[in-house]
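Next come the chains, spelled out residue by residue.
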Amino acid sequence: MSNKITSLVSSYLDYKRGLGFQMTAEAVYLNAFARYTRDIGYTGTLTREIVFQWCESGKTSSLVTKGRRFEPLKGLGDYANAFDLDSELLPKLPYGNPHKRVRPHIYTLEETCLLMEQCDQLYSPDGIRSLTIKTAIGLLWATGLRTSELINLTLSDVDIDNNLINVRSSKFNKDRIIPLLPEVSEQLMIYRSQVESICDKVRFESRFFVTTSGKPLKRDAFEYAFQKIRDIIDVSDSGYLHARLYDFRHTFATRTIKNWLEQGVDVNAKLFLLSTYMGHIHPEDTYWYLSSTPELMDI
């Protein structure tokens with residue numbers, strides 16, 4: 001079933017992508033908003049009431065979460081108002097700045113292993129889902145990849161023989177090649193061997209990470225599975241209510257800097273290496289991930 005909001009979102013995304021914007025993260029929020037309006041049977045135009053109703057849905061949504069939901073809708077509202085006089089313009093930052101620095105949780109190795117072990121408790125009819133989520137979490141810890149980058153990896157992107165991953169068309173349309181530790185490559189090889197032994201279809205699937213019955217793993221499925229296991233981790237030291245996949249990226253950056261400091265390396269001289277590895281355009285972008293943690297402050 002479609003409605004006005006669904007058509008509006010589709011038109012807006014086509015318009016922005018036609019201008020060269022990827023709209024990857026924005027599309028997740030906008031499509032979720034459209035789906036919400038369909039689920040409640042809303043057939044009207046874009047109004048402040050329906051926007052705030054969605055932004056504030058959920059039992060424990062923080063101001064940051066509400067602000068992140070609202071942000072892409074502001075652009076949608078401006079676009080809608082140009083074509084539909086019945087649509088309403090939306091205010092700026094009604095929930096404050098959603099990008100203010102909120103302290104992330106920095107995972108320990110023990111916590112990461114605990115999460116990976118907990119994957120065995122996930123519902124997994126043929127066992128592939130559990131194997132995949134466990135391996136994906138391990139790869140996030142080892143590389144600091146963005147979740148979207150991990151999900152989009154194909155078989156040809158993962159060069160196990162040469163310990164390399166080719167990240168294609170990531171944020172800012174940038175490609176990059178990142179090296180892996182040999183033990184990480186070995187675990188990826190074991191993973192593929194295991195899932196292919198369970199399901200013959202996997203051999204013909206181009207995506208590296210698959211789930212039940214050999215279907216490609218999608219971002220929402222990965223995040224949903226993580227929600228099922230995340231509460232075993234105490235994140236009361238952070239500004240978030242629950243553990244997040246994205247904090248593995250913060251963890252990788254912080255762990256790298258910590259190791260360099262302990263080795264007496266000139267961090268400022270080598271920061272561009274970390275920026276390149278993580279796919280940042282400017283080294284200053286990397287500082288966003290280097291939140292002050294007790295480990296770094298002690299050093």
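Just so it is clear, the structure is predicted and the values come from calculations on it, not from any experiment.

Reading the values: the criteria
Residues numbered from 1 in each chain as written. Predicted model: local features only at pLDDT ≥ 70, side-chain atom pairs only at ≥ 80, totals over all residues. Heavy atoms only, no water. Buried < 20%, exposed > 50% of the residue type's maximum accessible area, 1.4 Å probe, protein only. Helix = DSSP H or I, 4+ residues; strand = E, 2+ residues; numbered from the N terminus. Pairing = 2+ DSSP bridges. Expected span 1.5 Å × (residues − 1). Axes fitted to C-alpha atoms, helices over the stretch in contact; angles between N-to-C directions. Parallel < 35°, antiparallel > 145°, perpendicular 65-115°, else oblique. Left-handed = near helix turned anticlockwise from the far one by under 90°. Contact = heavy atoms within 4.5 Å. Patch = residues over 30% accessible without salt bridge, like charges linked within 9 Å, V, L, I, M, F, W, Y side chains within 5 Å. Areas by Shrake-Rupley, 256 points an atom, 1.4 Å probe, with all protein chains shown as cover. Salt bridge = Lys/Arg side-chain N within 4 Å of Asp/Glu carboxyl O. Core = buried A, V, L, I, M, F, W, Y, C linked by side-chain atoms within 4.5 Å. Phe/Tyr/Trp six-rings, centres within 6.5 Å; stacked < 30°, edge-to-face > 60°.

Draft legend 1. Broad picture of the pairing of strand β3 (residues 176-179). Every second residue of β3 is oriented toward a common face, the buried set being R176 and I178 and the non-buried set I177 and P179. Summarising the sheet, strand β2 (residues 164-167) and β3 pair through four bridges and their orientation is antiparallel. The partner of N166 across the bridge, within β3, is I177.

Draft legend 2. Quick look at helix α6 (residues 128-143). Compared with an ideal rise of 1.5 Å per residue, which puts 16 residues at 22 Å, α6 spans 22 Å between its outermost C-alpha atoms and is within 8% of the ideal. Among the 16 residues of α6, 14 are classified as buried, and the element is accordingly described as predominantly covered. Two residues or fewer past α6, G144 is found with a positive phi of approximately 70°.

Draft legend 3. Up close: the packing of helix α10 (residues 247-262) against helix α11 (residues 267-278). With their axes 11 Å apart at the nearest point, α10 and α11 run at an angle of 150° to one another. Considering the angle they form, α10 stands roughly antiparallel to α11. In the crossing of α10 with α11, the sense of the turn from one axis to the other is right-handed. When α10 is examined against α11, the residues R249, F252, A253, T256, I257, W260 and L261 are found in contact with a partner set consisting of V267, K270, L271, L274, Y277 and M278.

Draft legend 4. Structural context of the sheet that holds strand β1 (residues 158-159). If you trace the three strands from one edge of the open sheet to the other, you get β1-β2-β3, paired in antiparallel fashion. Because the sheet does not close on itself, it has two edges, and the strands there are β1 and β3.

Draft legend 5. Broad picture of a nonpolar patch on the surface. Side chains of Y15, L19 and F21 sit close together on the surface and give an oily, nonpolar patch of about 320 Å² of accessible area. The class for L19 is exposed, based on a relative accessible area of 52%.

Draft legend 6. Looking closely at the nonpolar core. With 49 residues, the main nonpolar core has L139, F209 and F222 as its most contacted residues. Among the secondary structure elements, those contributing two or more residues to this core are α6, α7 (147-151), β2, α8 (182-198), α9 (219-229), α10 and α11. The residues contacting L139, other than those within four sequence positions of it, are G144, L145, L150, L153, I165, L180, V184, L188 and F209. Listed in part, the 24 residues of the second largest apolar core include L8, L30, Y36 and A80.

Draft legend 7. Representation of the packing of aromatic side chains within the structure. Throughout the structure, instances matching the rule amount to 13 aromatic pairs. The interplanar angle of 15° and the centroid separation of 4.1 Å between the aromatic rings of Y107 and F248 together place this pair among those described as stacked. Of this pair, Y107 sits in the loop between α4 (63-81) and α5 (109-118) while F248 sits in helix α10, placing them 141 residues apart in sequence. Exposure remark for Y107: the relative accessible area of 3% places this residue in the buried category. F248 gets classed as buried once you look at its relative accessible area, which sits at 1%. Plain terms: the ring middles of F226 and F248 are 6.5 Å apart, the flat faces sit at 70° to each other, and that makes the pair edge-to-face. Residue F226 is located in helix α9, and its partner F248 is located in helix α10; the two are separated by 22 residues in the primary sequence.

Draft legend 8. Representation of the pairing of β2 in the model. Pairing geometry for β1 and β2, over two bridges, is antiparallel. When the bridges of β2 are listed, V158 appears paired with I165. Two successive antiparallel strands, β1 and β2, enclose a turn made up of four residues, where N163 displays a positive phi of approximately 55°.

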